[in-house]
Every structure is written in structure tokens, then in C-alpha cells.
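Okay, here's what each chain looks like letter by letter:
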Amino acid sequence: MEHLCPATTLFPEVPLIDLSKPDSKTLIVKACEEFGFFKLINHGVPTEFITRLESEAIEFFSLPLSEKEKAGPLDPFGYGNKKIGSNSDVGWVEYILLTTSNEANYQKFSAIFGEAAEKFRCAVNDYVSAVKKMAYEILEMLADGLKIQPRNVFSKLLMDEESDSVFRLNHYPPCPEHHQEMNLIGFGEHTDPQIISVLRSNNISGLQISLKDGNWISIPPDQSSFFINVGDSLQVMTNGRFKSVRHRVVANSSKSRLSMIYFGGPPLSEKIAPLPSLMKGEDSLYKEFTWYEYKKSAYKSRLADNRLGLFEKIAAS
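As the structure is a prediction and not an experimental result, all values here were calculated from the model. (Residues numbered from 1 in each chain as written. Predicted model: local features only at pLDDT ≥ 70, side-chain atom pairs only at ≥ 80, totals over all residues. Heavy atoms only, no water.)

> Could you give an account of the pattern of salt bridges, naming the residues involved and the relevant values?
Applying the stated criterion across every chain yields a total of 14 salt bridges. Taking the shortest distance from any N to any O, the salt bridge between Arg 121 and Glu 118 comes out at 2.6 Å. In this pair, Arg 121 and Glu 118 both sit in helix H5 (residues 117-146), 3 residues apart, roughly one turn of the helix. Under the relative-accessibility criterion, Arg 121 is labelled buried at 17%. Among the residues examined, Glu 118 registers a relative accessible area of 39% and is labelled partly exposed. With its nearest N and O atoms 3.1 Å apart, the salt bridge here joins Arg 246 to Glu 189. Here Arg 246 is found in the loop between helix H7 (232-237) and strand S12 (247-250), whereas its partner Glu 189 is found in strand S7 (residues 183-190), with 57 residues between them in sequence. The exposure class of Glu 189 is partly exposed, given its relative accessible area of 28%. (Salt bridge = Lys/Arg side-chain N within 4 Å of Asp/Glu carboxyl O. Helix = DSSP H or I, 4+ residues; strand = E, 2+ residues; numbered from the N terminus. Buried < 20%, exposed > 50% of the residue type's maximum accessible area, 1.4 Å probe, protein only.)

> Mind laying out the sheet that holds strand S6 (residues 166-172), listing which residues take part and the relevant values?
The mixed open sheet is built from 8 strands, whose spatial order is S2-S3-S11-S8-S13-S6-S5-S4. Of all strands in the sheet, those bounded by a partner on one side alone are strand S2 (16-18) and strand S4 (78-84). Taking the axes of each pair of neighbouring strands and ignoring which way they run, one obtains an average angle of 25° across the sheet. Across 7 bridges, S6 lies against strand S13 (residues 257-264) in antiparallel orientation. Within S13, the position partnered with Tyr 172 by the bridge is Arg 257. Contacts from helix H2 (residues 47-61) reach S4, strand S5 (89-99), S6, strand S8 (196-201), strand S11 (226-230) and S13 within the one sheet, and its direction differs from that of S13 by about 115°. Across the sheet, H5 touches strand S3 (37-41), S5, S6, S8, S11 and S13, and the angle it forms with S8 is around 130°. (Pairing = 2+ DSSP bridges. Axes fitted to C-alpha atoms, helices over the stretch in contact; angles between N-to-C directions. Contact = heavy atoms within 4.5 Å.)

Set out below in C-alpha cells:
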């Protein structure tokens, strides 16, 4: 397992957005430009949906490995352990990966939970539905803050029936004793390829983000809030005005960390390109591509690669 240098503890305040405040759309735009990341409170996701899914997830991850493996291997959905993607990336993590548009992948869980698989499915669906609604609202506030029309220019991609969105439950078990003094990688540094990611975790630290100057900062956990990441696709659609945030998880705790992430993606056939209304006469920094092309390229790469590099236009010398 790989280890990391510790993150700096001297850090600027991560943007805090209160969705109930009238100035939030301006603050969200600023946060996406400066950090590509922000913390969200008064988000409207019912607490009971969060706690119910967390208890279902804990129940699953507490099972013996031989039981959990019945929900694997990934195809591309199901249960995974330590191996991340298909290119030799590993982390101190086990996880469940689910599509948000198709319920067929719950059949695997029937072998483990029996009739209780339906309870697990309902907990995921209730939670994901509430989080999607919040993601749509955030994206529409971004459009308002950028003064672009129509205001659903981003959110419609997630609302589309063909939206290629996924949901992930990550469990970072306590570190083995001989790793306790070091920062063991739970999930290696990367950016998210989709449009937006909505993250919630229990009250255990581990998440770190990279600032524009390359310094890493630790994000204090807060189980009642959500954290929002700008994804690569949103960076392209804003022609680099918003930056997708590079982040990682360090599993350096003696306690388990549980996180749940909704990755909002567009339909596979959707062309990803800077919005003309944001260009104001400037040139596009990116070649046009479909989400399918970018996703295929991203999943062939290593986690830490600059995945957008292949799609950037090289400036004329």
C-alpha cells in the first residue's frame, strides 16, 4: 500500500454555502472558480434518508468478505475491494458501485440480504432521489450566477432519462496497526470526470483537496453537511472558468470512514464543449468530445493522470 506526505494544516477556509440564503448563487460561482469545491448546509436532504442508508451500508460492510464478494465482481457495478479501476490503482477501501438509472444491479444483493435486499434498494433510491434534486438545484443556481439561459443548461443533462450517473458507497476500514503513524492511501488523488459530485461522509476525517498552488489541505468532516466537487465535464463546459478539484482520501484513522457519493453525468452521446454563452469571443480551450469518448479515455487512465490533457487544444506558438 502506498503512503503520502501529510497535508498542510495551514489552510484557507473552505467555502461554506447556505442554500437557504439569497446570496448563495454568487458564492457558489466564486467557490467553483477558486476551489472547485464547497461545503453545503441547509441542503434539504432529509436526515432520515441519510441515517437509514448509512445503517444499511454499515450492515453490508460488516459482513464477512466471502458474503460481500457475492455482490462482485464489478461488471461494471457491484462490490469491489482495494482494486480501483482497471489500471493497477489500489487503495485501503472497499465499495459498492451502482448505476442510478437501472435497478437490475440489485439482484446481486438478494444473494446476500435475501428479502432485506428490497430495504437496501429503497434506502439507496430515497437517498439518491433527494441528492439528485439538490444537485439539480445547485446546477440551476450556477447557471443563474453565471447569468446564462436557459437556467437548466447544466441540470437537464442530469435530469435526462439517459443520464449516465453513478452512486458509490465507500468504506475505509480502520488501518492496520503498523500503518497507524503513516498516511495510508484510502483512495488516490484524482479529479471526477462527470459534471458534479455530491459527497457525504460520517464524522471521520480523511478527505483532502488540492489547492491551486498544489498544496493539499485536510477537510474537517461534518456528517450533517454535503461537499460538492466540480467535475472535469463542468470545467470544459465553462471553458476552464470552473476548475475540477483534485482530491484524495487518506485512511489514517483508527475508526471506519464511510462515504456516499453521487456522480452526476450526462448522457453518453452528449457533446461536451464550452457553452457559447460563456465564451464572449474567446477561443475554446478544448476539443469537442462526447461524454462516451471522455469516459472511455478516463477509465483507461490511471487515477492521478491529467485526464483532460488529451482533450486540450494546444495553443499556437
